[in-house]
Amino acid sequence: MRWRWKPFGCELPLFNPAQFLELVRGKSLAFVGDSVARNQMQSLICLLSRVEYPIDASYTPDEHFKRWKYVTYNFTLAIFTSPHLVKAKEADADGPTHTGLFNLYLDEFDEQWTTQIDEFDYLIVSAGHWFFRPLVFYEKQRQVGCHFCRLENVPDLTKFYGFRKAFRTAFSAINSRKNYKGITYFRTFAPSHFEGGLWNEGGNCVRTRPFLSNETTLGGDDMELYLIQIEEFQKAEREGRKRGLKYRLLDTTQAMLLRPDGHPSRYGHWPEEKVVLYNDCVHWCLPGPIDAWSDFLLEMLKTEGRRSREEKLSSSDKRLRAI
């Protein structure tokens, strides 16, 4: 709670909830992704609560698809839970690592969110951690391989194969929506901080201060996932530009790499709750480091407003010259 991200070469203002709500007055924003996307949305709701509490405007009791309305500002906030961003189905609740086995249909849209986005002014898309679990990949309705599925005669194509294809399909879904006119913010991968073992093998995150910038670097699987995301984002942005769609990169990776101290660990539930949970070194405490993502988002919305005004002025100048 006492540390803030300091970008090189500029001062990042603290989140101003009143200013944010004014900027999004009459608009709508949807988060698409896994439970870390929900974590980001919860952080935003907490920060906005200093100005207004929303009312539940959900069209379903399903907690994976919630909507809230900020009545004073006519602002709608929504979450579409889609951990893999593409069509997926749990094939085995146990699986080879006792964490489930999922079938991923890498060339098929997850229509639970792709058919709902036309009405939204802003999308914040993210995913990552569910690709570490065992997966079986399908393309053109045929099994093509897997990641750590341990099935006989099924080639292991690695999580990176499925990760890249899933993002490519998700971006293709956005670009194919003829009535979607919103701005798509792509939030990059936020690394976990398990030490002393994997997440399901006793790993934990007990550090009590951030890393210094020279104490750690992005590497291994995290670096590979990050680079895949950037490459697929850039391709999607080029395609989207052809039909006037805007993509923006909400890059949180380096800022969160330095925050091993910001996870719930074993404190992600009430002490009296009798639950068996893994140490949580994926999600983020509230309040905590994840609140900086709203600092980033607000600054990007302000930049978007300035950019829009400049484009309108430029367009107006061109019309005057033509006359």
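Below you will find a few notes about this structure. Remember, it's a predicted structure, so these values are computed and weren't measured experimentally.

Cut-offs and rules
Residues numbered from 1 in each chain as written. Predicted model: local features only at pLDDT ≥ 70, side-chain atom pairs only at ≥ 80, totals over all residues. Heavy atoms only, no water. Helix = DSSP H or I, 4+ residues; strand = E, 2+ residues; numbered from the N terminus. Buried < 20%, exposed > 50% of the residue type's maximum accessible area, 1.4 Å probe, protein only. Polar contact = N/O pair within 3.5 Å; in protein donor to acceptor, adjacent residues only side chain to side chain. Core = buried A, V, L, I, M, F, W, Y, C linked by side-chain atoms within 4.5 Å. Pairing = 2+ DSSP bridges. Salt bridge = Lys/Arg side-chain N within 4 Å of Asp/Glu carboxyl O. Expected span 1.5 Å × (residues − 1). Axes fitted to C-alpha atoms, helices over the stretch in contact; angles between N-to-C directions. Parallel < 35°, antiparallel > 145°, perpendicular 65-115°, else oblique. Left-handed = near helix turned anticlockwise from the far one by under 90°. Contact = heavy atoms within 4.5 Å. Nonpolar A, V, L, I, M, F, W, Y, C, P; charged D, E, K, R; others polar. Disulfide = S-S within 2.5 Å.

## Considering the environment of arginine 266
Logical step 1: Looking at where arginine 266 falls in the secondary structure, it is placed in the loop between helix H6 (253-257) and helix H7 (292-322).
Logical step 2: Residue arginine 266 is classed as exposed on the basis of its relative accessible area, which comes to 52%.
Logical step 3: Residues arginine 266 and phenylalanine 131, 135 residues apart in the sequence, show an inter-C-alpha distance of 23 Å.
Logical step 4: In this structure the side chain of arginine 266 is engaged in a polar contact, spanning 2.8 Å, whose partner is the side chain of tyrosine 267.

## Some words on the nonpolar core
Logical step 1: By size, the foremost hydrophobic cluster in this structure holds 37 residues, and its most contacted members are Phe20, Phe75 and Leu77.
Logical step 2: Top element by residues in this core is helix H2 (residues 35-48). It accounts for seven residues.
Logical step 3: Counting residues in each nonpolar core, the second largest holds 34 residues, with Leu106, Ile174, Phe186 and Tyr247 among its members.

## Quick notes on the pairing of strand S6 (residues 101-109)
Logical step 1: Two strands pair when backbone bridges link them, and strand S5 (residues 86-92) and S6 are joined in this way by six bridges, in the antiparallel orientation. Looking at S6, one finds that valine 86 is bridged to phenylalanine 109.
Logical step 2: Sheet analysis places S6 next to strand S8 (residues 135-139), joined by four bridges and oriented parallel. Looking across to S8, one finds that phenylalanine 102 is bridged to leucine 135.

## Some words on the pattern of salt bridges
Pairing between side chains of opposite charge can happen when the charged atoms of each approach one another.
Logical step 1: Applying the stated criterion across every chain, the model contains 23 salt bridges.
Logical step 2: Residue lysine 246 pairs with glutamate 304 through a salt bridge whose shortest N-O separation is 3.8 Å. Taken together, the positions of lysine 246 in strand S11 (residues 246-250) and glutamate 304 in helix H7 put the pair 58 residues apart, joining distant regions of the chain.
Logical step 3: Note that glutamate 299 is salt-bridged to lysine 302, the shortest N-O span being 3.2 Å. Linking glutamate 299 with lysine 302, this pair stays in helix H7, spanning three residues, or about one helical turn.
Logical step 4: Three or more residues joined by partner-sharing salt bridges are found here, namely Arg164, Arg168, Glu231, Glu232 and Lys235.

## A look at H2
Logical step 1: Counted at 1.5 Å a residue, the expected span for H2 with its 14 residues is 20 Å, and the 20 Å between its end C-alpha atoms agrees.
Logical step 2: In terms of burial, H2 is a largely internal element, 11 of the 14 residues being buried.
Logical step 3: Along H2, the positions that sit buried rather than exposed are Ser35, Val36, Ala37, Asn39, Gln40, Met41, Ser43, Leu44, Ile45, Leu47 and Leu48.
Logical step 4: Of the residues that open H2, the one with a side-chain oxygen 3.0 Å from the backbone nitrogen of valine 36 is aspartate 34.

## Here we look at the packing of helix H4 (residues 158-176) against helix H5 (residues 220-242)
Logical step 1: Closest axis-to-axis distance for the H4/H5 pair is 10 Å, and the angle between their directions is 25°. Compared by their axis directions, H4 and H5 come out roughly parallel. In this structure, the crossing between H4 and H5 has a hand that is right-handed. Facing Lys159, Phe160, Phe163, Arg164, Phe167, Arg168, Phe171 and Asn175 of H4, the residues of H5 in contact are Asp221, Glu224, Leu225, Ile228, Gln229, Glu231, Glu232, Phe233, Lys235, Ala236, Glu239 and Gly240.
Logical step 2: Class assignment of the residues belonging to the contact of H4 with H5 gives a composition of eight nonpolar, three polar and nine charged.

## Quick notes on the state of the cysteines
Logical step 1: Evaluation of the coordinates by the stated rule reveals two disulfides.
Logical step 2: Cysteine pairing for the chain (bonded cysteines numbered in sequence order): 1-2, 3-4.
Logical step 3: Free cysteine: cysteine 46, not disulfide-bonded; nearest cysteine sulfur from cysteine 285 at 12 Å.
Logical step 4: The class for cysteine 46 is partly exposed, based on a relative accessible area of 44%.
Logical step 5: Cysteine 205 provides the cysteine sulfur closest to cysteine 285, a residue in no disulfide bond, and the two sulfurs are 8.3 Å apart.

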